[in-house]
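Descriptive analysis of the structure
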Amino acid sequence: RTSSCSFGTVDERACEGITSSFSGMGWDFANISFLLILAASPVLSLSPQRTIRIGSRPSSLAVIQAKSVADALRNSDIPGDVSIELVQIASQGDVRGRGRQDVPLALRPPDFVGTVDAAIVNGVVDIGVHSLKDIPPDYRWEHAEELTIGCCLGPRANPLDVLLGRYASLEDLPIGARVGSASIRRQAQLLARRTDIICVNLRGNVQARLDSLDAGEVDALVMAKAGLERLGIDIEHQNTAASEAMALKGTLLTPEVMLPGCCQGIVGAICRRDDSEMSHLLSTVDNRDARIAETAERAFLNIVGGLAPWEGRPPLAALMTRAGEEKWELNGLVAREDGSNIIRAQRSIPSNCAVADAQELEKELEKI
């Protein structure tokens, strides 16, 4: 079996057979193909006078991301008589709205992709646009057998997290500070450095969380820089509407402090696996670097994501970055949810990723 995107081809069978265990935590590895896909771009051929319907969540950030895909397609070799229409579809995660919840997101994850994915499968829309960090591991992605990531837009936005609030660093936070984030990945890494802080399971869109900070519900927030940038929020000089006197400081958290979530900062377009027309179209706007990062990080997610002895997934993070002309550095992290045990693994992997590279990373992770 082969996989394809806009820059080459690889046989997935050559990457199969990764199996191991986290014996110390009672977790078992699932078999997973560890891929870095390189595939040739097919010839584009669309039906005349075709309207391409792009599905998106209705949030401001989601619409901006969908428009970026639409713009990329318009700037590609799309025929002049093909039009593009944006269709807004509310997700279950959007319906849940703003507020606090009793458990972190990874233990009871909101579904930000399901309704859009269902619309693709049912033919309501042709393409769906997601922040790829919202797509669950393949074993939990409801429509994984029917859908595929047709393109990864590039360049990737800054994948790192930022600390927002009055304090310039995690070290500056007072004892007992309330830090808002419902991400178990962020919570585990925060608690690994500061056991005295209180992690608040704050959820909602970007503005809703900023409003919670302004209202004093939390002392600081940890959020993705990519989302803030796409919304045009200047974290260095941001003032909230409710309190102009409160100048928010934004401190970029390095990967050593806060390794980002898998595929954070990558916008992707989804289509049906059997829709060759849309697959061909999306391949023309697929970004090579973003695709390599997405493939490696989702492989890590698929390997580790189903190993927790609770519903959801363990705190995990992965970041694939360039480390030279044709080498990539994959940093992976797995932790206990309370931050009491956290381990990192780092490997330099060539762009045509060999099985041995993935297995070597796996051996390092076994130490947890």
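Residues numbered from 1 in each chain as written. Predicted model: local features only at pLDDT ≥ 70, side-chain atom pairs only at ≥ 80, totals over all residues. Heavy atoms only, no water.

1. What about the overall build of the protein?
Which entries qualify depends on this criterion: Labels follow the DSSP assignment, with helices taken as runs of H or I lasting at least four residues and strands as runs of E lasting at least two, numbered in each case from the N terminus. Buried residues are those whose accessible area, probed at 1.4 Å on protein chains only, stays under 20% of the maximum for their type, while exposed residues exceed 50% and partly exposed ones sit between those limits. In short, Shrake-Rupley with a 1.4 Å probe defines the accessible areas, and a residue's cover is counted only from the protein chains shown.
Along the protein, the regular secondary structure elements total 9 helices and 19 strands. In the protein, which comprises 368 residues, the share counted as buried stands at 55%. As displayed, the protein has an accessible area near 15400 Å², and 47% of this comes from carbon and sulfur atoms.

2. Considerations on the sheet that holds strand β5 (residues 51–56)
What counts, and what does not: When DSSP finds two or more bridges between two strands, those strands count as paired. What counts as an axis is a line fitted to C-alpha atoms, over the stretch in contact for a helix, and the angles between N-to-C directions run from 0 to 180 degrees. Only heavy atoms matter for contacts: two residues are in contact if any of them lie within 4.5 Å across the pair.
The 5 strands lie next to each other as β6-β5-β8-β16-β9, forming an open sheet whose pairing is mixed. If you trace the sheet from one side to the other, it starts and ends with β6 (83–88) and β9 (147–152), each paired once. Averaged over neighbouring strand pairs, the angle between their axes works out to 30° when direction is ignored. Bridge analysis of β5 against β6 gives 6 bridges, and the strand direction is parallel. Within β6, the position partnered with Arg-53 by the bridge is Glu-85. Packed onto the sheet, helix α7 (residues 276–283) meets β5, β8 (127–131), β9 and β16 (267–272) and runs at close to 160° relative to β16.

3. Brief notes about the confidence of the model for the protein
Test applied: Each residue gets a pLDDT score, which is the predictor's confidence in that residue and runs from 0 to 100.
Counting all residues, the mean pLDDT for the protein is 78, and 71% of those residues have values of 70 or more. Low pLDDT, under 50, characterises residues 1–43; the stretch is placed with 131 contacts to residues that sit more than four places away or in other chains. Note that pLDDT drops below 50 for residues 237–247; the model gives that stretch 17 contacts with residues more than four away or on any other chain.

4. Concerning the nonpolar core
Cut-off, in case you're wondering: What makes a nonpolar core is a set of buried Ala, Val, Leu, Ile, Met, Phe, Trp, Tyr and Cys residues whose side-chain atoms join them at distances within 4.5 Å.
By size, the foremost hydrophobic cluster in this structure holds 33 residues, and its most contacted members are Trp-141 and Met-320. The set of elements that each furnish at least two residues to this core consists of α3 (114–121), β9, α8 (288–304), β17 (316–322) and β18 (327–335). A per-element tally of this core places α8 first, with 8 residues.

5. What about the pairing of β17?
Counted residue by residue, β17 has 5 buried out of 7 residues, so it is predominantly covered. Inspection of the sheet shows β17 paired to β18 by 7 bridges, in the antiparallel sense. Paired with Ala-317 across the strands is Leu-333, a residue of β18. Connecting β17 to the next strand, β18, in antiparallel fashion are 4 residues, including Gly-324 with a positive phi near 125°.

6. Topic: α3
Within α3, burial applies to Gly-114, Val-116, Asp-117, Ala-119 and Ile-120. If you follow the buried residues of α3, they end up packed against β5, β8, β9 and β16. Positive phi shows up at Gly-123, right after α3, with a value of about 80°.

7. A word on the sheet that holds strand β19 (residues 342–350)
Sheet architecture is open: 3 strands sit in the order β17-β18-β19, paired in antiparallel fashion. Where the open sheet ends on each side, the last strands, each with one partner, are β17 and β19. Along the sheet, successive strands turn relative to each other by an average axial angle of 15°, direction set aside. Bridge analysis of β18 against β19 gives 9 bridges, and the strand direction is antiparallel. Considered in β19, the bridge of Gly-332 is made with Ala-345. Sitting on the sheet, α8 touches β17 and β18, and the angle it makes with β17 is about 155°.

8. Description of the pattern of salt bridges
Quick reminder of the rule: Any carboxyl oxygen of Asp or Glu within 4 Å of a side-chain nitrogen of Lys or Arg constitutes a salt bridge here.
Across all of its chains, the model carries 18 salt bridges by this definition. The salt bridge involving Arg-57 is made with Asp-134; its shortest N-O contact spans 3.9 Å. Of this pair, Arg-57 sits in the loop between β5 and α1 (60–74) while Asp-134 sits in the loop between β8 and β9, placing them 77 residues apart in sequence. Here Asp-196 ties to Arg-194 by a salt bridge, and the two come within 2.6 Å at their closest N and O atoms.

9. Quick look at the side chain of Asp-117
For clarity, the threshold we go by: Charged residues are defined narrowly, with Lys and Arg counted positive, Asp and Glu counted negative, and His plus the chain ends left uncounted. Here a polar contact is recorded for every N or O atom pair within 3.5 Å, except that within protein the pair must consist of a potential hydrogen donor and a potential acceptor, and residues adjacent in sequence are included only if both atoms are side-chain atoms.
Looking at where Asp-117 falls in the secondary structure, it is placed in helix α3. One buried charged side chain, Asp-117, makes no salt bridge at all; its nearest oppositely charged neighbour is Arg-298, positioned 9.2 Å away. In terms of polar contacts, Asp-117 uses its side chain to reach the side chain of His-130, at 2.8 Å.

10. Re the pairing of β9
Most of β9 is tucked away, with 5 of its 6 residues classed as buried. In this structure, β9 lies alongside β16, joined through 5 bridges in antiparallel fashion. If you follow Thr-148 over to β16, its bridge partner there is Cys-271.

11. Some points on helix α5 (residues 206–214)
Burial of α5 is extensive: 7 of the 9 residues sit out of reach of the surface. Buried positions along α5 lie against β10 (161–165), β13 (202–203), β14 (220–224) and α6 (225–230). For α5, the N-terminal capping position is held by Asn-205, with its side-chain oxygen 3.3 Å away from the main-chain nitrogen of Gln-207. One or two positions beyond α5, positive phi appears at Gly-216, with a value near 80°.

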